[in-house]
Amino acid sequence: GTAQSPAINVTGYDEVEVSFWMWLDLEDPFYWLDKYELQMDQYWTGIGAIGAPITLLKKPCDQTFDCGGGVPDACVELGCETLEMQQWVYHSMVIDLAAYDWVPGLTPKEAIFTFGFNSGDGVGYDGKGIFIDDFAVKSLCQ
């Protein structure tokens, strides 16, 4: 399943902070079939998502994944080794909007964020999956 934010106007900002609380109840935190991710994409009113989305976080991580700006600790914290199961955990990341390949000339510049979860199979899933609360996108002082 997926959950998508409304279009968020990010015109004029170089960076934004994305934050949320996440509660995980995965079948196994290291089970390779359980997958989740958070992506950001450009939004065009009347058309929807355009361009190629960028992945801000995902599980499972692999050695080739950049984890939202090349911070290995963020990859470990958000996706791989320190998953906190069955409790609310706060996550926050700064997104460098200038690094994103926006389609030129579209104003306002709007972004949508999509959380996705896939259990990988339909066989006897014991977990409840993923819950997201208090999702926020905040501008940072320029």
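This structure is a prediction, so every number in the text was calculated from the model and none was measured. (Residues numbered from 1 in each chain as written. Predicted model: local features only at pLDDT ≥ 70, side-chain atom pairs only at ≥ 80, totals over all residues. Heavy atoms only, no water.)

Novice: Any chance you could explain the environment of Met85 here in plain terms?
Specialist: Within the fold, Met85 resides in the loop between helix H2 (72–80) and strand S6 (88–96). C-alpha of Met85 to C-alpha of Asp25: the two residues are 60 residues apart in sequence and 5.7 Å apart in space. (Helix = DSSP H or I, 4+ residues; strand = E, 2+ residues; numbered from the N terminus.)

Novice: Help me out: how do you make sense of a nonpolar patch on the surface in this one?
Specialist: A grouping of Trp21, Trp88, Tyr90 and Phe131 is seen on the molecular surface, where their side chains present a nonpolar patch of about 410 Å² in accessible area. Along the chain, the position of Tyr90 falls in strand S6. On the accessibility criterion, Tyr90 (38% relative accessible area) is partly exposed. (Patch = residues over 30% accessible without salt bridge, like charges linked within 9 Å, V, L, I, M, F, W, Y side chains within 5 Å. Areas by Shrake-Rupley, 256 points an atom, 1.4 Å probe, with all protein chains shown as cover. Salt bridge = Lys/Arg side-chain N within 4 Å of Asp/Glu carboxyl O. Buried < 20%, exposed > 50% of the residue type's maximum accessible area, 1.4 Å probe, protein only.)

Novice: Where do I start with the pairing of strand S5 (residues 48–59) in this structure?
Specialist: Look at any regular strand and the pattern is simple: side chains alternate between the two faces of the sheet. Note: strand S4 (residues 35–44) against S5, eight bridges, orientation antiparallel. Counterpart to Glu37 in the pairing with S5 is Lys58. Hairpin connection between S4 and S5: a loop of three residues separates the two successive antiparallel strands, and Gly46 in this loop has a positive phi of roughly 90°. (Pairing = 2+ DSSP bridges.)

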